[in-house]
Amino acid sequence: MLKANLMKEAHFQFICRWIKRYKIKRIIIVMRKKILIVDDEPGCREALKIILKNKYNIVVTDNGIDAIELIKQGGFHLIILDIIMPKINGIEVLKRIREFDTQLKVIILTAIKNKEFVEEAEKLGVSGYIFKPFDVTKVTTIVDKVLI
Amino acid sequence: MEQLYLKRSINRNLNVYNLLRLMRRLSKITYYMSDLEKFLKSVADLFVEIFSVTNVSFTLVDEEAGSWGLKVSSQLKEEKIKNVSILTTNGTIMWLNNPEQMLHRLEFENGEQLGLYQKLINELQIPNSHICIPMVANGRLIGILSMGCKTDGRAFGPEDLRLLSILTEYLSALLDYSYTHKVILNQKEYHKNILENMASGIIAINLREIVTIFNRSAEDILGFKAEQVIGKHIQMVQGNLANLILDTLHYGKSYRRKEIHILPENILLGVSTSQLYDNNGKVNGAAMVFTNLSNIKYAEVKTHKNNENILWERLSISLSHEIKNSLTPIKSFVQLLPNRYNDTDFREKFYDIVLYNIERLDNFTERINRFAQISKPKLKDGNIHKIIDDVLSFIIEKQNPQNITFIKRYTNSIPNIKFDHSQLREVFYNLIINGIESMPDGGTFSISTEIENRNSGYRYNSKILNSKLLPANNKYVVINFTDTGIGISDEDITKIFNPFFTIKKGRPNLGLAIASRIIEEHNGFIDVKSELNEGSTFSVYLPLD
């Protein structure tokens, strides 16, 4: 089995697998997935970036309006979305995203476990929740799971 | 037989015996005075007999309507005369107000009196009338007695007229008494209804401290029936209440909405008492009006609790949000450290971000404390302008705001006023910093001072103030802080003085909440005017005593 090196800045990850049965070298090219992190707290943005940047392509933004613009431009596999933000909150952003993309995966990031938010989010369709302050390993686990 | 005998007697002689019988008959009739029409009909019939006339009719005055009213006649059925109004300045009426007067047709062959007479009999619709006698009681006309001519054609003799006059006076007095009696009874019923149906309980006692009034609400509130209580001594009703009302009765101490808690009923009553007086102004009792406040108090306490709960909820949401947001990067960076401490970049970020957020947490706690523990202002005389200048120079020195022009417009006539110097410094600091921060790309910040007269009743066009209870002062020192920054939206403007409300990125702005609280403790208020993208003006009003 060939194991490819993880190239930090590269956009591609090469994984080669030799399946003995077929004696075929299979080269699976996996695109590095692109994640958008939306949070008005710089500390949180930075922390998430550092946690995830080895495996994924990370883009950060601090407000919902810019986030929607970026999403419309396309290419994102996952949005990690904070709820409480000034001007436009996460649920509102989610609503607008769902207006043009019902399949896009979204993980809600929040400090507040509020029933109302959870209900609304469920209605709009979310792939998971991360509660602040979060555990680094939990973050990697849930993101990996969602992005399989 | 008897009747014939009577007739003859009266026509010739006023016989005492006959008179007695007449009076006895009249007395019997008056048993039925409650039915006015029946009574008058019987009297009319009696008069027809006594005087041997063709007809007798009574026409009463309807005082309320100001016109003739009920007419009862011996011949015809009762009827009411409608729509003939009596002017009290009417000559006939004025003339008739004298019970000595009689309108006797025969006496007035021609002239003015005959005209009056004709008019009267037309009005009263008594065409066969021969004599009209006014019925006067207590100086006012209450009706007319009219008689036709005698059946045997004779004239009315002087005894006849005298007897008629006496009987009419007697009858008038009776009718008036009856009328007044009815009025009084009605009033009594009316007042009784009011007392019975009042929402408040009423208890009244007389000079002997016996309960005379105990209405339905009193029954409901205290749990006694009126029968059990009326006629008994007040102490039997309820000890505390008895003490209050006895105080009022004997010492004239009146209570106004005094709240007393009574056991064993375990209710809170609001009680007012007063003395009662007779017609001569002497105290002849005392009365107590009370309502059950328990429900109201309970509702008040409940609302208060609700408000408290809501406040706690809001508080906890804001607190936990702020705290968790600060803890998140700390936790993450600490967890990441073991694997990445070799990375210089990471180490730098770690240092900056973790420390920053720890500071943030600390500052936040500080500000909450400062907001919650704003103490009563220590008032000292001072010059407002000096404080503003101090704060302004401090800010310019420490913060070095870029591209901002400061303009000062002070009214020199502003006198020294009493205020807490350090608290006002904080207010001005917060307001100026807010203004500066709303102009990240620079702008103009102006501070002006003036004196303003405000009518406390006048509602200014201000969203902030209309929701607050304004103090009653009229004269204020006003300090206006104006910036040319991003402004505040209509929607946010009512919330900006809320602690934990945040317009700025993430951090709750306690500065305005603290400022607002301090100014309120000084009996002043802060008003805000703002236009989006044009700027805002915060006006601090301090009372000028």
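One can find the structure itself at the top, above this paragraph.
Not measured: the values here are computed from a predicted model.

Our focus in this paragraph is the overall build of chain B. When its secondary structure is counted, chain B shows 15 helices and 18 strands. A sequence separation of at least 24 residues applies to 61% of the contacts in chain B between residues at least 6 apart. About 31000 Å² of surface is accessible on chain B, with carbon and sulfur atoms providing 51% of the total.

Contacts between the two partners involve 19 residues from chain A, matched on the other side by 20 residues from chain B. Summing both sides of the interface, chain A and chain B together bury roughly 1900 Å²; the carbon and sulfur share of this comes to 60%. Linking chain A with chain B are two salt bridges. When the shortest N-O distance is used, the salt bridge between K349 of chain B and E46 of chain A registers 2.9 Å. There are six residue pairs in polar contact (both at pLDDT 80 or more) connecting chain A and chain B. The element that contributes the greatest number of residues to the side of chain A that touches chain B is helix α1 (residues 42-52) of chain A, accounting for six residues. Of the residues assigned to the side of chain A that touches chain B, the class counts are 11 nonpolar, two polar and six charged.

On to the sheet that holds strand β15 (residues 443-453) of chain B. Residue and element names in this part refer to chain B. Taken in spatial order, the five strands of this open sheet run β13-β15-β16-β18-β17, and their pairing is mixed. Of all strands in the sheet, those with a lone pairing partner are β13 (404-409) and β17 (525-531), marking the two edges. Averaged over neighbouring strand pairs, the angle between their axes works out to 15° when direction is ignored. As paired strands, strand β16 (residues 475-483) and strand β18 (residues 535-543) are joined by eight bridges and run antiparallel to one another. Counted as the bridge partner of D483 is S536 from β18. With respect to the sheet, helix α13 (residues 421-437) is in contact with β13, β15, β16 and β18, its orientation differing from that of β16 by roughly 30°.

All names here are of chain B. Taken together, five strands build an open sheet; the order of strands is β8-β7-β11-β10-β9 and the sheet is antiparallel. The open sheet terminates on both sides in strands that have one partner only, identified here as β8 (211-214) and β9 (258-262). Each strand of the sheet is rotated relative to its neighbour by a mean of 30°, with strand direction disregarded. Lying over the sheet, helix α10 (residues 294-340) contacts β9, β10 (267-277) and β11 (283-292), oriented at roughly 140° with respect to β10.

Take the nonpolar core next. Residue and element names in this part refer to chain B. Of all hydrophobic cores here, the largest spans 42 residues; its most connected members are I384, L424, F428, I432, I479, F481 and F538. Of all the secondary-structure elements, those providing two or more residues to this core are α12 (384-399), β14 (417-419), α13, β15, β16, α15 (510-521), β17 and β18. Not counting residues up to four positions away in its chain, the partners in contact with L424 are I384, F419, I518, I519, H522 and L542.

Residue and element names in this part refer to chain B. Evaluated as defined, the whole model comprises 13 aromatic pairs over all chains. Centre to centre, the rings of Y476 and F525 are 5.2 Å apart; their planes meet at 70°, and the pair counts as edge-to-face. Separated by 49 residues along the polypeptide, Y476 in strand β16 and F525 in strand β17 bring together distant segments of the chain. Accessibility expressed as a relative area gives 1% for Y476, which makes it buried. Since its relative accessible area comes to 3%, F525 is described here as buried. Centroid distance F525 to Y541: 4.6 Å. Interplanar angle 15°. Geometry classified as stacked. Placement of the pair is F525 in strand β17 and Y541 in strand β18, with a sequence separation of 16 residues.

Quick look at the pattern of salt bridges now. Counted under the stated rule, the structure contains 15 salt bridges over all chains. Measuring nitrogen to oxygen at the nearest pair gives 3.6 Å for the salt bridge that ties D82 of chain A to K132 of chain A. Of the two residues, D82 of chain A is situated in strand β5 (residues 78-82) and K132 of chain A in the loop between β7 (128-131) and α5 (136-146); the sequence distance between them amounts to 50 residues. Both residues of the pair, D82 of chain A and K132 of chain A, count as buried. Among the salt bridges present, the one from R25 of chain B reaches E49 of chain B, with a minimum N-O distance of 2.9 Å. Taken together, the positions of R25 of chain B in helix α2 (residues 16-30) and E49 of chain B in helix α3 (residues 36-51) put the pair 24 residues apart, joining distant regions of the chain. Given the relative accessible area of 34%, R25 of chain B is considered partly exposed.

With respect to the element layout, E63 of chain B can be found in the loop between β1 (56-62) and β2 (67-73). Spatially, the C-alpha atoms of E63 of chain B and I142 of chain B are 8.1 Å apart, while their sequence positions differ by 79 residues.

For the α-helix, the turn length of 3.6 residues means that residues three or four positions removed from each other point alike. For helix α11 (residues 344-372) of chain B, which comprises 29 residues, the first-to-last C-alpha distance of 42 Å matches the rise-based estimate of 42 Å (1.5 Å per residue) to within 8%. Taken together, the buried positions of α11 of chain B are occupied by F346, F350, I353, V354, N357, R360, L361, F364 and F371 of chain B. The secondary structure elements touched by the buried residues of α11 of chain B are α1 of chain A together with α10 and α15 of chain B. Among the residues of α11 of chain B, the N-terminal cap falls to D343 of chain B, whose side-chain oxygen and the backbone nitrogen of D345 of chain B are separated by 3.0 Å.

Here K145 of chain A lies in helix α5. Looking at K145 of chain A, the relative accessible area reads 63%, which means it is exposed.

Let us now look at the environment of Y179 of chain B. Residues and elements named next belong to chain B. Within the secondary structure layout, Y179 lies in helix α6 (residues 158-197). Among the residues examined, Y179 registers a relative accessible area of 39% and is labelled partly exposed. For the pair Y179 and L36, spaced 143 residues apart in sequence, the C-alpha separation works out to 9.7 Å.

A few words on the side chain of S146 of chain B. On the secondary structure map, S146 of chain B appears in strand β6 (residues 140-147). Setting aside residues no more than four positions away along its own chain, S146 of chain B makes contact with N55, V56, S57, I126, S129, I131 and C132 of chain B.

Parameters and conventions
Residues numbered from 1 in each chain as written. Chains lettered and ligands numbered in written order. Predicted model: local features only at pLDDT ≥ 70, side-chain atom pairs only at ≥ 80, totals over all residues. Heavy atoms only, no water. Helix = DSSP H or I, 4+ residues; strand = E, 2+ residues; numbered from the N terminus. Contact = heavy atoms within 4.5 Å. Areas by Shrake-Rupley, 256 points an atom, 1.4 Å probe, with all protein chains shown as cover. Buried area = accessible area lost by both parts, 1.4 Å probe. Salt bridge = Lys/Arg side-chain N within 4 Å of Asp/Glu carboxyl O. Polar contact = N/O pair within 3.5 Å; in protein donor to acceptor, adjacent residues only side chain to side chain. Nonpolar A, V, L, I, M, F, W, Y, C, P; charged D, E, K, R; others polar. Pairing = 2+ DSSP bridges. Axes fitted to C-alpha atoms, helices over the stretch in contact; angles between N-to-C directions. Core = buried A, V, L, I, M, F, W, Y, C linked by side-chain atoms within 4.5 Å. Buried < 20%, exposed > 50% of the residue type's maximum accessible area, 1.4 Å probe, protein only. Phe/Tyr/Trp six-rings, centres within 6.5 Å; stacked < 30°, edge-to-face > 60°. Expected span 1.5 Å × (residues − 1).

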